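# A structural walkthrough
Take a look at the letters that make up each chain.
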Amino acid sequence: MAVRMAVLDLVAGHAHMDAKTAVQGHVMVLVKGGVRVPAKEVVQVVAVDIATNLTKQTGRSWQHGLAKNVTFIVTKDCQLACKYCYLVGKNDKERLSWEVAKSAIDYILSRESIFTESSVIWDFIGGEPFLEIELIDRICDYIKTEMYRLNHHWFNSYRFSFSTNGINYDSPKVQEFISKNRQHLSIGITIDGTKRKHDLNRIWKGDGPERGSYNDVVRNIPKWLQQFPDGGTKVTISSADIAYIKESVLHLYELGIKEVNINVVFEDVWKEGDDTLFEQQLLELADEIIDKDYYYDHACSFFAEYIGKPLDSVKDNGNWCGAGRMLAVDAAGNFYPCTRFAAYSLRDKKPIIIGNVRDGIDFNKLRPFLTLDRITQSPQKCRECEVASGCAWCQGENYDAADTDTIFQRSTAICKMHKARVRANNYYWNKLFRKLEMEGKRDEFESNRPKHNSPIC
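Everything in this summary refers to the structure shown in the same document.

Rules of the game
Residues numbered from 1 in each chain as written. Predicted model: local features only at pLDDT ≥ 70, side-chain atom pairs only at ≥ 80, totals over all residues. Heavy atoms only, no water. Phe/Tyr/Trp six-rings, centres within 6.5 Å; stacked < 30°, edge-to-face > 60°. Helix = DSSP H or I, 4+ residues; strand = E, 2+ residues; numbered from the N terminus. Buried < 20%, exposed > 50% of the residue type's maximum accessible area, 1.4 Å probe, protein only. Lys NZ or Arg CZ within 6 Å of the ring centre and 35° of its normal. Pairing = 2+ DSSP bridges. Contact = heavy atoms within 4.5 Å. Axes fitted to C-alpha atoms, helices over the stretch in contact; angles between N-to-C directions. Core = buried A, V, L, I, M, F, W, Y, C linked by side-chain atoms within 4.5 Å. Expected span 1.5 Å × (residues − 1). 1 Å grid on protein atoms, 1.4 Å probe; cavity = no way out; pocket = protein on both sides within 12 Å on 5 of 7 lines; lining within 4 Å. Points joined across faces, edges and corners; volume = space filled by probe spheres on them. Nonpolar A, V, L, I, M, F, W, Y, C, P; charged D, E, K, R; others polar.

### Let's talk about the packing of aromatic side chains
Tallied over the full model, the rule gives 22 aromatic pairs. Note on Phe124 and Phe160: the rings are 6.3 Å apart at their centroids and 65° apart in plane angle, and the pair reads as edge-to-face. One end of the pair, Phe124, is in strand β4 (residues 119-125); the other, Phe160, is in strand β5 (residues 158-164), with 36 residues separating them in the sequence. Among the residues examined, Phe124 registers a relative accessible area of 0% and is labelled buried. One aromatic cluster is present, built from ring pairs that chain together Phe72, Trp122, Phe124, Phe130, Trp154, Tyr158, Phe160, Phe162 and Phe177. In this arrangement the basic side chain of Lys76 is found over the ring face of Tyr344, its NZ or CZ atom lying 4.8 Å from the centre. For the cation-ring pair, Arg442 lies above Phe433, with the distance from its terminal atom to the ring centre recorded as 3.6 Å.

Here you go:
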């Protein structure tokens, strides 16, 4: 503790310096009390604290741009048994060990010539990631230590990212972690809307009568929004809860959540008439958002100007999904192109492993993912679709639902749902712009339009 305080004093005294040069790694450092300690013995303390403390002092913030996404599957356990969850193989046995995590970090950080992205997102998922908060804290400390020690180009441009069910968000260990890493954190709490919608799917695991988790989550929303005022939530729509879309988005607005990233599940679960009910819910939601002026400072990702247009086969031929450009590691030390290709995410197919922490990435196994584009995996009806823009897909679901073991067969289970969304989306923007023009506020709206995150994959 004495060493830590001395180092923090040192950092505070060098706030004008770049984080990488504030403390040198191989010189003697005079610490508080006149004790001389080799810097290599305190370099971990420096690296752990310097990024957040120096960021606070100088006002440095996250550098936007393309980032490498590295995902640690820290556990396959979760307190909940959500009915729509694609993780079909959750269990309480497979937990990431410190040794595997360290090996993965060492492999990645020692290969800057391979991982050339200007920024990095260190993503932690489960199950429920905060069940392993002590391990996560140790991993994040080591990442900061090593990026500092190696003078790595990611040191000043990184984020730790979490999507949590929010149940133990207020636990002391989670809160200590947030306090220590606040300036480099992105945390989203999943709350599905009103109590009846949330509790319909997001239930506690275990035998006996179903028990919803809404009350256990909503109590932590005020604290979360206090710490992350611009935090957005991710809402999932399944066939069973379409009727609650409008009330749920409005309820989340009332809770103080201004950004609602919402999507339908990619799996083939949709019934006849679901698209009609879906469209009606979106039309009613559009009326509420516009009539009550929510559009000024709130967002719902179902409504976006860019969707519902034809796509050029050459100019608009990118892959929707980032599989292959991200990297996931599990408890066995295996590397995956995305967590959706790990065994616990797949119903019918074998996992696709592209390497491991001992031997590294097998780039021949990775190569097919880097060639993926819209045209090569889409059926003719998708290529020629007049409302193709914004129609999403999940590469893992494509693989799992394919007739063979291919990643080049696009699932079209959400086709009708996308078209219903486009019709409601057209209604939304036509009504909004007509209102703004009648009130003479179109230019004002355009110049002050809030910027929101893209929907989460």
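### Looking at the pairing of strand β10 (residues 326-329)
Looking along a regular strand, one sees the side chains alternate between the two faces of the sheet. Where burial is concerned, the two faces of β10 agree: the one with Met326 and Ala328 and the one with Leu327 and Val329 are both buried. Across two bridges, the pairing between β10 and strand β11 (residues 334-336) is antiparallel. What sits directly across from Val329, in β11, is Phe335.

### Some thoughts on the sheet that holds strand β9 (residues 299-300)
Reading across from one edge, β7-β8-β9 is the order of the three strands in this open sheet, with parallel pairing throughout. Looking at the sheet topology across the chains shown, the edges are occupied by β7 (232-237) and β9. With two bridges connecting them, strand β8 (residues 259-264) and β9 associate as parallel partners. When the bridges of β9 are listed, Val260 appears paired with Cys300. With respect to the sheet, helix α9 (residues 245-254) is in contact with β7, β8 and β9, its orientation differing from that of β8 by roughly 155°.

### Quick notes on the nonpolar core
With 107 residues, the main nonpolar core has Phe72, Trp122, Phe124, Ile139 and Ile245 as its most contacted residues. At nine residues, the largest contribution of residues to this core is made by helix α4 (residues 133-149). Leaving out residues up to four positions away in the same chain, Trp122 has contacts with Val70, Phe72, Ile108, Leu109, Ile143, Met147, Trp154, Tyr158, Arg159, Phe160 and Ser161. Counting seven residues, the second largest nonpolar core, distinct from the first, contains Ile73, Ile125, Ala328 and Ala342.

### Considering α4
Taking 1.5 Å per residue as the helical rise, α4 with its 17 residues ought to reach 24 Å, and the 24 Å between its terminal C-alpha atoms agrees with that figure. Of all 17 residues in α4, 13 are buried; the element is thus mostly enclosed. Asn151 lies just past α4 and shows a positive phi near 55°.

### A short note on empty space enclosed by the protein
The tally for this structure, following the rule as stated, stands at two cavities of 30 Å³ or more. As a volume, the second largest cavity reaches approximately 30 Å³. For the second largest cavity, the full set of lining residues is Phe266, Ala392, Trp393, Cys394, Glu397, Asn398, Ser411 and Ile414. Considering only residue class, the lining of the second largest cavity consists of five nonpolar, two polar and one charged.

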